[in-house]
Amino acid sequence: MKLKLLTLALFMGLGALAHAAGPKAEVIHWWTSGGESAAVKQFSQAYTTAGGVWVDTAIALGEQARSVAINRIIGGNPPTAAQFNTSKQFLDIVEQGMLNNVDEIALRDGWDKFLPETVLNVVRVKGHFYAAPVNIHMPTWIWYSKSAFKKAGITAEPKSMDEMFAALDKLKAAGLIPLAHGGQPWQENIVFTAMLANVGGTELYLKVMRDRDPAAIQGDAFRKVLTSYKRLQSYVDKGAPGRNWNDATALLITGKAGMQIMGDWAKGEFALANQAPGKDYGCIAGFGARSPYVIQGDVFVFPKTSDAEAIKAQKLLASVMLSPAVQVEFSNKKGSIPVRTDVDSSRLDICAQQGLTIMKDKSRQLGNGEVYLNPDQNGSLSDILTAYWNKNVPVEKVQKDILAALKR
Amino acid sequence: MKARLLHLSRQLVSWSALLPMALTVLVAYLGTVLWSLKVSLTNSRTFPSDEYVGLAQYERLFNNDRWLLSLENLALYGVLFIAICMLLGFLLAVFIDQKVMAEGALRTVFLYPYAMSFVATGLVWQWMLNPGNGIQQALRQLGWQDFTFDWIIDQDMVMYTIVIATVWQASGLVMAMLLAGLRGIDEEIWKAARIDGIPTWRVYVSIVLPMLAPSVATVFVLLFTAVIKLFDSVVSMTQGGPGTASEVPAKFIMDHLFGRANIALASAGSMVLLLTVLALVAPFLYARSRARRREERG
């Protein structure tokens, strides 16, 4: 009995202590893999150092985490902050007035001065800052295995789309898997985005994805994008359907496959296998001096609350997550690049440095599909693309279907 | 007077016992069905809205290639799954009914797949069917170089792999239910048949099977609901792929409900499923209740 009372007292004491320690922030996120949780730890440590108490609610799978966050917001028991993608995913909850803005911090720290315009347009809705962007991923990197290139007799890195197809042919002739691919809709989406960016170019990209311009979607230039996308399918091995992206990366690591089009999170897989960029594998952000940098990323939103303590926590979170030092540490663990270009890039690897250089040129920044399309349109587009990749559909029908899907 | 009061209070007791279930049916089933119907007529996205758009969501649904393919897949799957399950389940039940040795152990073996979560067994099936590291690879390593079994990555064959895996899971349940029915059949019938010299298979087909009709009907309803609900096996085995080749309606609905934030379209999809089920099951239930009434009348 005495012991029980003692523990009770101890717990109450601890509770009081925690309360005194500063603003408590419960953060919902979906960073559960090894590299990801190491990255999110940078945030929690920085937040604790800044005097707050971090309560971690990690939920596997983005979709799951987002629906939990939305349900809790509607149910009146919101977390202090919740992760979403840099996208239109949280637009509906903004419009329902269910988020607090962090204008005070954003204006104080000058977010509009250092954030890329693409990201700024996502987090700033009707003049208010509703989300704190935390990283930038580039989903359409072209990775290649140096040992596979050597086996196939390819001496130079491809510099154009034609050279890439030539390299793929050589890899095929050498009996290797030319393109490592995982046959899942989102991965096909990435391959398509890469083709739209590199074959179509920035202007067509924006016309199709942002303006949803019928003339552009039905035009010849976009048809060429689609046929290049379909052509890549002929370089994929038979075992691709259903394969996970990291298993495809493993094919590059073991030298069984030549290239893979995948986001910069693939670097984590190479790192785990003790491979170094520039030495064992190469990274191509795009072809030519004008190739766009496709931006995809994560943000945190701050559900509406009138609790002064919680609002204090939300502000502290927003300012900690975007501080330059934390940004670099986080990105190093996550494989992304910082959302601000005014950071010390010497600690980043060569692929990330290359990316950051491209991203500094404003005219080369583009968002991925999620940035311009709502989840519904994006999903319909993905259905059409994955059907086209796997079946023999006339390209004209694909154009017509995409037009119909994006009209809504 | 006293008798009537007693009668009334008895009725009250039985009604109050039924009340929780009645409320559940009214609120949880009918209420949510009506709510889904309402949402399906609006332009709701992440949140339900009150802006009615008529049948626009249904129109969009039936212009959607993936939804149409999902319905086709479900029909193909449903026919094959129910037919094969019934046949295999019945044969297994007859086999066990022959008073075989180690009956208990065999029964457990056949029923075991049903006791396991398909999320786990589906993954094992996926590995086995994967041409790179499954059955195909194993047999090739054993010397059959030309052996090919790559249905799971084949556009046209992938649905059959789902039939195979789910039949493996559900036929044990069919066996258990039909076996219970078989054990309920009077020994005298068997004796009479033996005296008359009727072959065993004939007794099963012409006498036993008709007597099992109620069990068969129950099994059918169970399998039918399993078909409509088909989701976990597809997700764990193929994720709807390759491409969209093994998409099913439940997955379409789930995708739109959460990831794609379009609860209106998802609700329209579930209303269509509900109507399909009613259209198929209602005549069946009606026929059964009429048959029962005829029997009672004698």
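Rules and cut-offs
For every chain, the first residue of the written sequence is number 1, and numbering continues from 1 onward in sequence order. In the order they appear in the text, chains get letters beginning with A and ligands get numbers beginning with 1. Only residues with pLDDT of 70 or above have their local features reported here, since the model is predicted, and side-chain atom pairs are shown and tallied only from 80 upward, although totals for entire chains, interfaces and linings are computed over all residues. Comment: elements are numbered from the N terminus, with helices defined as DSSP H or I runs of at least four residues and strands as E runs of at least two. Atoms counted for the radius of gyration: C-alpha only. Globule rule: 2.2 Å times the number of residues to the power 0.38. Any residue surrounded by 20 or more other C-beta atoms within 10 Å of its C-beta is treated as buried, while 12 or fewer makes it exposed and the intermediate range makes it partly exposed; C-beta atoms here are placed from the backbone. Any pair of residues counts as being in contact when their C-beta atoms, constructed from backbone geometry, are within 7 Å of one another. For helices, the fitted axis covers only the stretch in contact; all axes are lines through C-alpha atoms, and the angles between them, taken along N-to-C directions, range from 0 to 180 degrees. Roughly parallel here means an angle under 35 degrees, roughly antiparallel means over 145, roughly perpendicular means 65 to 115, and every remaining angle is called oblique. Here a crossing is called left-handed whenever its near helix is offset anticlockwise from the far helix by less than a right angle, and right-handed whenever the offset is clockwise. Three residue categories are used. Nonpolar comprises Ala, Val, Leu, Ile, Met, Phe, Trp, Tyr, Cys and Pro, charged comprises Asp, Glu, Lys and Arg, and polar comprises the others, including Gly. At least two bridges found by DSSP between two strands is the condition for calling them paired. The crossover handedness rule: strands pointing away from the viewer, path from first strand over the helix to second strand clockwise, crossover right-handed. For the purposes of this analysis, a nonpolar core is taken to be any set of buried Ala, Val, Leu, Ile, Met, Phe, Trp, Tyr and Cys residues that are connected through C-beta atoms within 7 Å. Each domain's extent was defined by an automatic or database domain assignment. pLDDT gives the predictor's per-residue confidence on a scale running from 0 to 100.

A. Looking closely at the overall build of chain A. Along chain A, the regular secondary structure elements total 20 helices and twelve strands. Against the compact-globule benchmark of 22 Å for 408 residues, chain A has a radius of gyration of 23 Å, which places it among compact chains. Principal axes of the C-alpha set define a box for chain A whose edges measure 75 × 45 × 40 Å. By the burial criterion, 50% of the 408 residues in chain A qualify as buried. When contacts within chain A are restricted to residue pairs at least 6 apart in sequence, those whose partners lie at least 24 apart make up 76%.

B. The packing of helix α19 (residues 375–390) of chain A against helix α20 (residues 395–407) of chain A, seen in detail. Residue and element names in this part refer to chain A. α20 packs onto α19 with a crossing angle of 165° between their chain directions and a minimal axis gap of 9 Å. Our classification of the angle between α19 and α20 gives roughly antiparallel. Helix-helix and strand crossings are classified by hand; for α19 and α20 the assignment is right-handed. Contacts between α19 and α20 pair Gln377, Ser380, Leu381, Ile384 and Tyr388 from the former with Val398, Asp401, Ile402, Ala405 and Leu406 from the latter. Residue composition of the contact of α19 with α20, grouped by class: seven nonpolar, two polar and one charged.

C. Unusual backbone geometry, seen in detail. Backbone torsion omega between Gly241 of chain B and Pro242 of chain B reads -5°, so that peptide bond is classified as cis. On the secondary structure map, Pro242 of chain B appears in the loop between α11 (232–237) and α12 (249–257). The phi dihedral of Arg212 of chain A falls on the positive side, at around 50°, and the residue is not glycine. Here Arg212 of chain A shows up in the loop between α10 (185–209) and α11 (214–218). Positive phi, close to 45°, is recorded for Ala261 of chain B, a residue that is not glycine. Assignment of secondary structure puts Ala261 of chain B in the loop between α12 and α13 (263–297).

D. Representation of the packing of helix α3 (residues 65–97) of chain B against helix α10 (residues 213–229) of chain B. Residue and element names in this part refer to chain B. One can describe the packing of α3 onto α10 by two numbers: an axis separation of 10 Å at closest approach and a directional angle of 145°. Remark: the crossing between α3 and α10 carries right-handed chirality. On the side of α3, the interface is formed by Leu74, Tyr77, Gly78, Phe81, Ile82, Cys85 and Met86, while α10 contributes Val219, Phe220, Leu223, Phe224 and Val227. Of the residues contributing to the contact of α3 with α10, the split by class is eleven nonpolar, one polar and no charged.

E. Quick peek at the pairing of strand β2 (residues 53–58) of chain A. Residue and element names in this part refer to chain A. Note that strand β1 (residues 24–29) and β2 share six bridges and pair parallel. Within β2, the residue paired with His29 across the bridge is Ala58. What joins β1 to β2 is helix α2 (residues 34–49), and the crossover it makes is right-handed.

F. Representation of the nonpolar core. In this structure, Ala131, Ala132, Trp143, Phe300, Val301, Leu317 and Met321 of chain A are the most contacted members of the largest nonpolar core, which totals 123 residues. The greatest single-element share of this core, amounting to eleven residues, is contributed by α10 of chain A. For this core, the domains that each give at least three residues are domain 1 (2–137 + 298–347) and domain 2 (141–294 + 366–407) of chain A. Ala131 of chain A has contacts with Phe84, Phe90, Val123, Val299, Phe300 and Val301 of chain A, leaving out every residue within four places of it along the chain. Listed in part, the 47 residues of the second largest apolar core include Leu74, Tyr77, Val227 and Val248 of chain B.

G. Structural view of the sheet that holds strand β8 (residues 177–179) of chain A. All names here are of chain A. Across the sheet, which stays open at both edges, the four strands sit in the order β8-β9-β7-β10 with mixed pairing between neighbours. Each end of this open sheet is capped by a strand with a single partner; those strands are β8 and β10 (281–284). Averaged over all pairs of adjacent strands, the angle between strand axes in this sheet comes to 20°, irrespective of strand direction. The pairing of β8 with strand β9 (residues 257–262) spans two bridges and is parallel. Pairing of Leu179 across the sheet is with Met259, part of β9. Across the sheet, helix α13 (residues 245–253) is in contact with β7 (141–145), β8, β9 and β10; its angle to β9 comes to roughly 145°.

H. Seen up close, the confidence of the model for chain B. Residues and elements named next belong to chain B. Overall, the predicted model of chain B reaches an average pLDDT of 90, with 99% of residues at or above 70. Here α13 is the element of chain B with the lowest mean pLDDT, 86, and α3 is the one with the highest, 95. Among the scores for the predicted complex, ipTM is 0.82 and pTM is 0.86.

I. Looking closely at the domain arrangement of chain A. All names here are of chain A. By the assigned domains, chain A splits into domain 1 (2–137 + 298–347) and domain 2 (141–294 + 366–407). Put simply, the middle of domain 1 and the middle of domain 2, counted by C-alpha atoms, are 32 Å apart. In this complex, domain 1 contributes eleven residues to the contact, which on the side of domain 2 involves eleven residues. Among the residues making up the side of domain 1 that touches domain 2, the classes are represented as one nonpolar, nine polar and one charged.

J. Structural detail: the environment of Met98 of chain A. Residue and element names in this part refer to chain A. Note that Met98 resides in the loop between α4 (91–95) and α5 (103–109). For Met98, a count of 17 C-beta atoms within 10 Å corresponds to the partly exposed category. The spatial distance from the C-alpha of Met98 to the C-alpha of Val398 is 38 Å, given a sequence separation of 300 residues. Not counting residues up to four positions away in its chain, the partners in contact with Met98 are Ile73, Ile93, Pro303 and Lys304.

K. Layout of the pairing of strand β6 (residues 131–137) of chain A. Residues and elements named next belong to chain A. Among the seven residues in β6, seven count as buried, and that is most of the element. Looking at chain direction, β6 and strand β11 (residues 293–301) are connected through six bridges and run antiparallel. Bridge assignment links Ile136 to a residue of β11, and that residue is Gly297.

L. Geometry of the environment of Lys229 of chain B. Residue and element names in this part refer to chain B. Within the fold, Lys229 resides in helix α10. Of the residues examined, Lys229 has 13 C-beta atoms within 10 Å and is grouped as partly exposed. Once the C-alpha coordinates of Lys229 and Pro249 are considered, the two residues, 20 residues apart in sequence, prove to be 8.6 Å apart.

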